[in-house]
Amino acid sequence: MPTAIEFFKLLPKTNCKDCGQPTCLAFAMLLSNQKAKIEDCPHVKQEAKETLAEASAPPVKTVDVGGIKMGGETVLYRHERRFNNPIAYALTVSDSLDSVAIAERVAYIKSLAFDRVGMIFKADMASIRNDSGDAENFARAVKDVCSAWDGPIVIESTDAACIEAAVKATDRKPLIYGADKDRLEAYVNIAKENKCPLALICDGPEGAVELVEAAEKMGFQDIILDLSAQNLKETLEEQTIVRRAAIKKKFKPFAYPMMNKVGSGEYAVATAVMSTLKYGSLVIFDDLKNYEALPLFTLRQNIYTDPQVPIQVKQDLYPIGNPDEHSPIMFTTNFSLTYFTVRADIEKSKIPVWLQIVNTEGLSVLTAYSAGKFEPERIADAFAESGVLSKSDGPVIIPGLVTRISGKLQELIGRKVVVGTNESRDIPKHLRELTSQ
Amino acid sequence: MTDLPPVNEKYTGTIGEVVLGKGDYIVGGAKGMPFLSFEHRTNRRPIVAGEVYDTLVDYPELAANMFDGRQKDPVEWAYMWKTLGVDMICVRLASLDPAKGGTTPEAAAELVKKISDKTGLPIIVSGCGILDIDIPAFTAISAAVTDSRLILSKVDEDEYKKLATVAIANNHVIIGFANLDVNLSKQMNILLTDFGVKKENILTDPLMAPLGMGLDYSYSVNERIRISGLMGDKMLQQPLICDCTDSWNVSDAINEEDPSLGDARLRATWWEAMTAMSAIVSGADMVIMRGPGAADMVLGYCDELRDVI
Ligand code: SF4
């Protein structure tokens, strides 16, 4: 983003106030803070506008793929700022399947969805692949998929006539995969005409420069780059080179999201992991199993969280669901993930609970215990500080993993301690049993 | 066609090197971010350690089932790891805890010596977590194993002097632990070097939180430590050791009740493998693994990612 002074230089400097600001300088300051748009000044010259647009463009373009935003990143490391647009995962659907088989395949893709503490982790896209080589059949397959699948789609073919037929078969804007050097002109024309994003199948970063510049020359910019990395190392190195050049050198030909086609099986998943860690925006799998999908989707969630969220919650008493003077008292550590997991599981039970958080310096239950930071004295002190024991005469539940300190804790707080569950996810069942007694 | 701009970073710092075992394993030495050969060519890859316990109390059955019964004898178990191709063994002496068997320091030392002799690999020794019990055991072990440099795991800022004394006495390596905190990692290195531990004998454990349980924090802490070290911060240049075994305690990884999540053993294996991949890409110089499948994947990927000159 240019500075206020750089903006100011390009303004007419007449202080005419038509933008609603007292001076051009005041307007320039708003521009540099992204609180105004250059269009708000009716007198700025066209060439100045272009210079500004160029200078203030994000280093990586955001490309809309059927409603999923790809790219738009501004940093190389997530500790600098949150990564903006999570990588998407697609599974292929072959057009050699009949309509019934396609419905089954789409049902399978939909089954890769997991409810995780209030978040849905799922496969994002279906990628219809033109194995038949037949345009009419390809269009039929696209229709079949679209009748069962609401999400965005990719269409894969090496034949422009087939791509054209598939694009016409749906009112969605599929990602077209993809144009290599030979197909570039024909595919860019189809993509432009139908307002679809297009994947460029490039021979590494150098090949990408050539293809991107050719596509841009045709006035086309809705580009996703496939660098055709052959293995993990190329995926890591080439995607790093491209993203570094885009962000640190503002190298225009690399200002686009990147994708990978990975096949299926162990190595495919490993490549997807690498792309998730290092700057990928889309991975297309031939297949993905549920035991691969859950960890991969979890990884994506982890990498795209906001790094500024603190890792510790405050030592305090947290009432969950209006607890009263007989509600159970639970306690755990102040590691934010422990807290959020336990809290979510208590909420699931629908039973009101007093949840006491003990400051363990951000360690989870077992780690805190073995580091001597989840001792009975510390827990009793937290109880005394919040006065929870005078707020409820309900049972005090100790995390199952630290049962061995229940005797000492009982002594210190002068109340009977009930042994809870080892796993947070068993809390609802345990709470229900406990309160029904 | 426009030429590619150069994107190599010019780092001024180098990550320290730590010599392990009989001098046949070296960890560290990085001059750039992991595996980027266009920036720094090296054929050294992260070191992979396989974990064994001296008692199966509290060891998850899902993992135990993968070792064909050999997990019942820690020496055999360690040897199995060697045949799988790992570089190192991590021996966890949980049974030092009186509640889990109360093994004597002498018996613990004998076990570690046997594992060292049988495998010929470098050893990481970790105690039961109760300092008063661990120190005599570490003392006996470090005196018993003299032909191989051990890694003693691990100390924090509250209590490091006793174990550091043991490490210094026999020239073994020590791990400074800091809980997901870059400043604390630095502080640990300062405390240990001030106390007299040589830099070439210190590893940093930044706490590798597993996938779904804080990996996001660990990933960024690793990157920040590594970048600071490469930029020249001399107190953040110790090789990083990342323990990935906690993956087997994440309920999503090991859930055997929900069929929609698929095979638990394969899922847990991926859980640990993805945790380890995140570790090595963010800067880990050494990983500790529980599952043989996950360890095998990481070994293979490390071999591929490094640059063989
Ligand atoms: S409208 Fe344009 S020229 Fe007029 S004051 Fe605002 S910035 Fe200056």
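Everything here concerns the structure above.
Residues numbered from 1 in each chain as written. Chains lettered and ligands numbered in written order. Predicted model: local features only at pLDDT ≥ 70, side-chain atom pairs only at ≥ 80, totals over all residues. Heavy atoms only, no water.

(A) Spotlight on the nonpolar core. Judged by nonpolar contacts, the single largest core of 173 residues is most densely connected at Ile176(A), Leu200(A), Leu225(A), Phe297(A), Ile89(B) and Val287(B). Element by element, the count of residues in this core is highest for helix α9 (residues 264-282) of chain B, at 11 residues. Setting aside anything within four residues of it in sequence, one finds Ile89(B) in contact with Gly50(B), Val52(B), Ala78(B), Trp81(B), Ile115(B), Thr119(B), Leu121(B), Pro122(B), Ile123(B) and Ile124(B). One finds Leu317(A), Ile379(A), Ile413(A) and Leu180(B) within the second-largest nonpolar core, a separate group that totals 31 residues. (Core = buried A, V, L, I, M, F, W, Y, C linked by side-chain atoms within 4.5 Å. Buried < 20%, exposed > 50% of the residue type's maximum accessible area, 1.4 Å probe, protein only. Helix = DSSP H or I, 4+ residues; strand = E, 2+ residues; numbered from the N terminus. Contact = heavy atoms within 4.5 Å.)

(B) Fine view of the sheet that holds strand β14 (residues 329-333) of chain A. All names here are of chain A. Pairing is mixed across the open sheet formed by five strands, whose spatial order is β13-β15-β14-β16-β17. The sheet is open, and its two edges are formed by β13 (316-320) and β17 (417-419), each paired on a single side. Looking at each pair of strands side by side, their axes are set apart by 30° on average, direction ignored. Here three bridges tie strand β16 (residues 396-398) to β17, and the two strands are oriented parallel to one another. If you follow Ile398 over to β17, its bridge partner there is Val419. (Pairing = 2+ DSSP bridges. Axes fitted to C-alpha atoms, helices over the stretch in contact; angles between N-to-C directions.)

(C) Region of interest: the site of the ligand. Close to the ligand lie Pro12(A), Thr14(A), Asn15(A), Cys16(A), Lys17(A), Asp18(A), Cys19(A), Cys24(A), Phe27(A), Cys41(A), Pro42(A) and His43(A). Of the residues in the shell around the ligand, the class split is seven nonpolar, three polar and two charged. (Near = heavy atom within 4 Å. Nonpolar A, V, L, I, M, F, W, Y, C, P; charged D, E, K, R; others polar.)

(D) Broad picture of the interface of chain B and chain A. At the junction of the two partners, chain B supplies 62 residues and chain A supplies 56 residues. Together, the buried faces of chain B and chain A total about 5,200 Å²; carbon and sulfur atoms form 63% of this surface. Here chain B and chain A share six salt bridges between them. A salt bridge links Lys278(A) to Glu223(B), with the shortest nitrogen-to-oxygen separation between them at 3.6 Å. (Buried area = accessible area lost by both parts, 1.4 Å probe. Salt bridge = Lys/Arg side-chain N within 4 Å of Asp/Glu carboxyl O.)

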